[in-house]
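Spelled out from the first residue to the last, the chains are:
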Amino acid sequence: MDLKIGLKITELRKKKGMTQEQLAAALGVSAPAVSKWETDSSYPDITLLCPLARVLGTDVDFLLAFEEELSETDLSRHMTDIIGLAREGRVTEAEEKLMCLLHTYPSDIPLKFSATAALSFFEMSDPACSETDKERWTALKKELVQAIHDDGNPAYYLHSVSMLVSFALAENELEKAEALLKETLTNTADFTMLWARLYLKKGDRNEALAVVQRRLYALTGEVRTCLICMLGEDMMPDEERCIEICRIFEQLDDIFGVGGGMGAGVLAEVYLRIGRKDEAYGYLERLVERASGQMDSPNSLLFAPAVAPSREQLKVSSQMRLVFLQGLEKDACFEELRGEERFERLVAKLKGSLEE
């Protein structure tokens, strides 16, 4: 029975910057004993497992786990099951299954990453959830994201920083948010063109094209995010400049199709804010039309085949339609429209699409 505990001890000890002698001294054993553990010639006494885990900054589950992570296939299968339960309204069952996985695989970073998305989905799929549920899910998300950040896995690191900054800003912890953002200042390298050159040298033109298309898609999304931020009332109170940025935003969506046409909701809010109700209604009608059917496809000339969602993938889920409906019915920015026939028709159309 191969526990492979020796490799774990070695890696964790080195990560802590400790020598075998220092670890031995911390546990009250000899350096040769530690050496035997690390070569799997012998195992630590059971009474030493908890102290050993504490010194190495881990837990006993990790030291003794036979399987540290789920396979990609198994993780995908489990998360599909969990999201499926939530879609059916069985959020409690979904949460129990997720917690069981997290306890079974306590060091699985890809699982933790997927779990944060699942917890967000729980809240979105269960509008009637209690404040206690929301607080519990938020606390767990913060715990998971902190663990992802501390692990330092480059595949998830920047995402974890982004989420931790969002949490810090929401709680007005500005110094913490600033410190986290400063961590990312050195993570600015982009190797897209080098990857493209590599694939071209290997004679794989399709993969070279795909890597550029995926990068272009991501950059277009970032540009949209910046424009949305600029349209915020606190950042851009000038009406004429707001209108011009709205036009640029619309042109960007028309050319690239990255937002699926759902950016119409942002434009509706801006035009309503500056008192141009007719334009706001036009964008709201466009939003409801897409939400009731399917989103626009990304520009195939620019993004296919690397980014080419199917018609099924472009359909707006019932959960998202419910979110849009709740926004129309509850968001303060639409208060002045409620009760107007044109607005109520849009609400009725969204409700009808949910009933279908």
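Each value, and the rule that gives it
- Residues numbered from 1 in each chain as written.
- Predicted model: local features only at pLDDT ≥ 70, side-chain atom pairs only at ≥ 80, totals over all residues.
- Heavy atoms only, no water.
- Helix = DSSP H or I, 4+ residues; strand = E, 2+ residues; numbered from the N terminus.
- Buried < 20%, exposed > 50% of the residue type's maximum accessible area, 1.4 Å probe, protein only.
- Contact = heavy atoms within 4.5 Å.
- Areas by Shrake-Rupley, 256 points an atom, 1.4 Å probe, with all protein chains shown as cover.
- Lys, Arg positive; Asp, Glu negative; His and termini not counted.
- Charge placed at Lys NZ, Arg CZ, Asp CG, Glu CD.
- Patch = residues over 30% accessible without salt bridge, like charges linked within 9 Å, V, L, I, M, F, W, Y side chains within 5 Å.
- Salt bridge = Lys/Arg side-chain N within 4 Å of Asp/Glu carboxyl O.
- pLDDT = per-residue confidence, 0-100.
- Core = buried A, V, L, I, M, F, W, Y, C linked by side-chain atoms within 4.5 Å.
- Phe/Tyr/Trp six-rings, centres within 6.5 Å; stacked < 30°, edge-to-face > 60°.
- Axes fitted to C-alpha atoms, helices over the stretch in contact; angles between N-to-C directions.
- Parallel < 35°, antiparallel > 145°, perpendicular 65-115°, else oblique.
- Left-handed = near helix turned anticlockwise from the far one by under 90°.
- Nonpolar A, V, L, I, M, F, W, Y, C, P; charged D, E, K, R; others polar.

**Considerations on the overall build of the chain**
Check the secondary structure of the chain and you find 20 helices and zero strands. Its C-alpha atoms give the chain principal-axis dimensions of roughly 80 × 55 × 40 Å. Across the 356 residues that make up the chain, the buried fraction comes to 37%. A separation threshold of at least 6 residues defines the contact pool for the chain, and within that pool the share at least 24 residues apart is 60%. By element, 54% of the accessible surface of the chain is carried by carbon and sulfur atoms, the whole surface being about 20500 Å². Measuring between centres, the 42 positive side-chain charges of the chain sit 4 Å from its 61 negative side-chain charges.

**Some remarks on a nonpolar patch on the surface**
Together, Phe-191, Leu-194, Trp-195 and Leu-198 line one region of the surface with nonpolar side chains, adding up to about 410 Å² of accessible area. Considering the arrangement of structural elements, one finds Trp-195 in helix H12 (residues 192-201).

**A few points about the confidence of the model for the chain**
On average, residues of the chain score 89 in pLDDT, and 97% of them are at 70 or above. Element-level mean pLDDT values for the chain span from 75 in helix H5 (residues 60-64) up to 96 in helix H17 (residues 300-303).

**Observations concerning the pattern of salt bridges**
Tallied over the entire structure, the rule returns 25 salt bridges. For Glu-178, the salt bridge identified is with Lys-182, shortest N-O distance 3.5 Å. One end of the pair, Glu-178, and the other, Lys-182, are both in helix H11 (residues 174-183), four residues apart, so they sit about a helical turn from each other. Relative accessible area serves as the criterion here: at 45%, Glu-178 is assigned to the partly exposed category. One salt bridge connects Lys-277 with Glu-340, and the closest N-O pair in it is separated by 2.9 Å. Of this pair, Lys-277 sits in helix H16 (residues 277-292) while Glu-340 sits in the loop between helix H19 (318-330) and helix H20 (341-355), and the two are 63 residues apart along the sequence. The class of Lys-277 is partly exposed, set by a relative accessible area of 29%. Overall, Glu-340 belongs to the partly exposed group, its relative accessible area being 26%. Within this structure, Glu-88, Arg-90 and Glu-93 form a network of salt bridges that share partners.

**Points about the nonpolar core**
One finds Leu-231, Tyr-271, Leu-284, Leu-328, Phe-334, Leu-337 and Phe-343 to be the most contacted residues of the largest nonpolar core, which totals 37 residues. Looking at this core, the elements with two or more residues in it are helix H14 (239-256), helix H15 (264-273), H16, H19 and H20. Contact partners of Phe-343, with chain neighbours within four places excluded, come to Tyr-281, Leu-284, Leu-328, Phe-334, Leu-337 and Arg-338. Among the nonpolar cores identified, the runner-up in size contains 23 residues, and Met-79, Trp-137, Leu-140 and Leu-144 belong to it.

**Re the packing of aromatic side chains**
Tallied over the full model, the rule gives seven aromatic pairs. When the ring of Trp-195 is compared with that of Tyr-199, the centres are 5.8 Å apart and the planes differ by 25 degrees; the resulting orientation is stacked. Here Tyr-199 and Trp-195 lie together in helix H12, a separation of four residues that amounts to about one turn. Judged by its relative accessible area of 18%, Tyr-199 is buried. Judged by centre distance (5.3 Å) and plane angle (85 degrees), the rings of Tyr-217 and Phe-303 are edge-to-face. Remark: Phe-303 occurs in helix H17 and Tyr-217 occurs in helix H13 (residues 205-230); sequence separation between them is 86 residues.

**Comments concerning the packing of helix H9 (residues 131-151) against helix H10 (residues 157-170)**
The contact between H9 and H10 brings their axes to 9 Å, and the two run at 140 degrees. Relative to H10, the element H9 is oriented oblique. Two packed elements cross with a definite hand, and for H9 against H10 that hand is left-handed. Together, Thr-138, Lys-141, Lys-142, Val-145, Gln-146, Ile-148 and His-149 of H9 and Tyr-157, Ser-160, Val-161, Met-163, Leu-164 and Phe-167 of H10 make up the contact between the two elements. A per-class count over the contact of H9 with H10 returns seven nonpolar, four polar and two charged.

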